[in-house]
Number of protein chains: 2
Amino acid sequence: MDKQTVTIYDVAREAAVSMATVSRVVNGNPNVKPATRQKVLDVIDQLDYRPNAVARGLASKKTTTIGVIIPDLTNSYFSELARGIDDVALMYKYNIILASSDENHDKELQVVDNLTAKQVDGIIFMGNQVSKDLRDAFNRANVPIVFAGSVDPEHQSPSVNIDYVAAVTDAVAKLVSRGNKRIAFVTGSMDESINKDYRLKGYKQALSSKRIGYDEGLIFQTDYSYKAGYALAQALQDVKATAAFVGDDELAAGVLNGLTDAGVKVPEDFEIITSNDTRFTEISRPTMSSITQPLYDIGAVSMRLLTKLMNNEEIGDKTVVLPYGLKKRQSTK
Amino acid sequence: MDKQTVTIYDVAREAAVSMATVSRVVNGNPNVKPATRQKVLDVIDQLDYRPNAVARGLASKKTTTIGVIIPDLTNSYFSELARGIDDVALMYKYNIILASSDENHDKELQVVDNLTAKQVDGIIFMGNQVSKDLRDAFNRANVPIVFAGSVDPEHQSPSVNIDYVAAVTDAVAKLVSRGNKRIAFVTGSMDESINKDYRLKGYKQALSSKRIGYDEGLIFQTDYSYKAGYALAQALQDVKATAAFVGDDELAAGVLNGLTDAGVKVPEDFEIITSNDTRFTEISRPTMSSITQPLYDIGAVSMRLLTKLMNNEEIGDKTVVLPYGLKKRQSTK
DNA sequence: ATATTAAAAGTAAGCGGTTTCATGATTGCT
DNA sequence: AGCAATCATGAAACCGCTTACTTTTAATAT
């Protein structure tokens, strides 16, 4: 039944060398006479030998596998990052164990322990709350971790990001400069550091620099979904907001359509700027103005950084900040 | 530096039993006296012992890891499936090695060999072209494979799908029944079996049953992207199409916006039905009518099926067909 | 009590590689 | 030609766990 798998031992026997030698040629160790190497290579070819990565992992303590923790696979922001990660991982011959966390604390913990058991060589983390427990789990894993498109409020772990504070400041300032006085701030939970410590800071900064008062009533926390945004339309009108900064594109699309369906004209009566410049910004009508981020690059750079860390290469700053921009589309005047 | 990891041997020593016994309690083997079990459990707790999954994998030849091959992570269709897969995988304690194929033949081959080397216990494949080489690679892997939301034209592998032919027939028939005579068929490459053998068949079936001639000129092959769809607007008008069936939602959104921007009114002058009922159908304006598919379930059922296969459980039909529907939204009259 | 059987625990052989160390074969240099 | 230094190879321990097989202990029967 189980077709006999060919092992390094079979190759050794067939090539009349020791398994050590086979191992050397497989791993490109230079200390092998060309003639021997060729002989072994021939046998490998002939037997269709393929090294068993599990055995190799046990012996060498390197699995060439990394863990990627992602809050939501179906969220474009994260899946774009994941694509960048994946491409670079492939480039460096790492496999990815993907683990969804749903931003759920227990699940994150569980997932990290899982990855640890599987002996991954490194971890890329997306998510914005790092509890003490999670930090402990990270440490226990004893492998490098990189935060991708996610902030580590305590700056302990390497991360790749844009300057969220500045980006949001710019975005909101833009809204202010168009005469908006009541600008809503719509994001996910304030438990997330990115919202509480970065975006909100940018929002407040923009307001105060233009001498506009801060109004709690304009702050909306919800989940990152179209539905949630759509449902917010009424509330937004109730507080007499004339513009909104939104922390997620799908959420923004919901807000946009909710308002439009309620008869509010965007951008004439209400302006919207969103955050991630994903495909939703082009698909919605009107299209949505947005902060622009190099999503793919954030992922790619994170992974590249991780490879360096895994190789103990010297790296400069552990926090890399990529450039952002502001793209005007139809949802702002 | 490297904190000493605690092994099964440490636990054995500390608990004054053999490693076999420790292994038994870890694996829930009943042949252990309760008192002994407790003692071992205590030591495990005290030492914070965690079994090394790699070693376990080597010894037991089971990695509790499966491979998932996905053409494009950022395509909502696939990421929704992936979510279903992921949830069920978690439920059964499997980890997922995610591998992007980009529908690229060589990459697929490479990826399967990779997964094989990593000794995954099973594979879920998404994609629609299965070459002889790929089939060989599948066989070489020597583990069960399930096609999720993807057809196996040769019906060799288990798969979970909807009835694409019937679904497209219904969709196109709907268009015909509204008086459309020139209905475009817009999908990805005809090299993909799902397009060539299923969707096109449904399309033709619907036409011929209503005695409408088949016109090559109405068939459009492109890639599954918003841009591609947008670019098609002119061509669609040139062939005087008044409706279109589209095989992907993002592509459909492109077609929709392209036409709209060109001054064509949807649905008044042009009707569109798309295929996957992803979130794009709700976000676009007008919203898009679509075939509905239980995306999450397709993924979930695929994974469940795979677990059965991996356990050598008896299964009924290797091909499971889930129900589809048709959802009318604003892009059709 | 003693023989019989079942349950609990231990021994040790792998799983398929990597890697350290020892040894034999080459090469270089005087 | 003779000896040190270098290169190529092999032997074997080890990575951390599972598991078949054996032995010891406990339970039941006679």
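As shown above, the structure is provided for reference.
Let me sum up the structure you'll find in this document. These numbers were taken from a predicted model, which means no experiment stands behind them.

Cut-offs and rules
Residues numbered from 1 in each chain as written. Chains lettered and ligands numbered in written order. Predicted model: local features only at pLDDT ≥ 70, side-chain atom pairs only at ≥ 80, totals over all residues. Heavy atoms only, no water. Helix = DSSP H or I, 4+ residues; strand = E, 2+ residues; numbered from the N terminus. Rg over C-alpha atoms; globule rule 2.2 N^0.38 Å. Buried < 20%, exposed > 50% of the residue type's maximum accessible area, 1.4 Å probe, protein only. Contact = heavy atoms within 4.5 Å. Areas by Shrake-Rupley, 256 points an atom, 1.4 Å probe, with all protein chains shown as cover. Near = heavy atom within 4 Å. Polar contact = N/O pair within 3.5 Å; in protein donor to acceptor, adjacent residues only side chain to side chain. Nonpolar A, V, L, I, M, F, W, Y, C, P; charged D, E, K, R; others polar. Pairing = 2+ DSSP bridges. Right-handed = clockwise from strand over helix to strand, strands pointing away. Axes fitted to C-alpha atoms, helices over the stretch in contact; angles between N-to-C directions. Parallel < 35°, antiparallel > 145°, perpendicular 65-115°, else oblique. Left-handed = near helix turned anticlockwise from the far one by under 90°.

## Notes on the overall build of chain A
Thinking step 1. Looking only at helices and strands, chain A features 14 helices and twelve strands.
Thinking step 2. Taking 2.2 N^0.38 as the reference for a compact globule, 333 residues should give roughly 20 Å; the C-alpha atoms of chain A span a radius of gyration of 25 Å, well beyond that estimate.
Thinking step 3. The C-alpha extent of chain A, read off along each of the three principal axes, is 85 × 35 × 35 Å.
Thinking step 4. Taken across its 333 residues, chain A has 56% of its residues classed as buried.
Thinking step 5. A separation threshold of at least 6 residues defines the contact pool for chain A, and within that pool the share at least 24 residues apart is 69%.
Thinking step 6. Summed over all atoms, the accessible surface of chain A reaches about 14,200 Å², with 50% contributed by carbon and sulfur.

## Observations regarding the protein's contact with DNA strand C
Thinking step 1. Not every one of the 29 residues close to DNA strand C is listed here, only the nearest: Ile8 and Ser23 of chain A together with Ser18, Arg24 and Thr36 of chain B.
Thinking step 2. Sugar and phosphate atoms constitute 61% of the interface atoms of DNA strand C, taking the interface as everything within 4 Å of the protein.
Thinking step 3. Residue serine 18 of chain B places a main-chain N or O atom 2.6 Å away from a phosphate oxygen belonging to DNA strand C.
Thinking step 4. Of all the secondary structure elements, the ones that give two or more residues to the surface near DNA strand C are helix H2 (19-26) and helix H4 (53-60) of chain A together with helix H2 (19-26) and helix H4 (53-60) of chain B.
Thinking step 5. Partitioned by chemical class, the residues of the surface near DNA strand C number 13 nonpolar, ten polar and six charged.

## Regarding the pairing of strand S1 (residues 65-70) of chain A
All names here are of chain A.
Thinking step 1. Burial runs high along S1: six of the six residues are buried.
Thinking step 2. Where S1 meets strand S2 (residues 95-100), six bridges bridge the pair, whose relative direction is parallel. Within S2, the position partnered with valine 68 by the bridge is leucine 98.
Thinking step 3. On the question of chirality, the crossover connecting S1 to the parallel S2 by way of helix H5 (residues 76-91) is right-handed.
Thinking step 4. Here four bridges tie S1 to strand S3 (residues 122-125), and the two strands are oriented parallel to one another. Opposite isoleucine 69, over in S3, you have phenylalanine 125 as the bridge partner.

## Some words on the packing of H5 of chain A against helix H14 (residues 295-310) of chain A
Residue and element names in this part refer to chain A.
Thinking step 1. Viewed as axis vectors pointing N to C, H5 and H14 meet at an angle of 45 degrees, and their least axial separation amounts to 7 Å. Taken together, the axes of H5 and H14 lie oblique to each other. Where H5 crosses over H14, the handedness of that crossing is right-handed. Seen from H5, the contacting residues are Tyr77, Glu80, Leu81, Arg83, Gly84, Ile85, Asp87, Val88 and Ala89; seen from H14, they are Leu295, Tyr296, Ile298, Gly299, Ala300, Met303 and Arg304.
Thinking step 2. Among the residues making up the contact of H5 with H14, the classes are represented as ten nonpolar, two polar and four charged.

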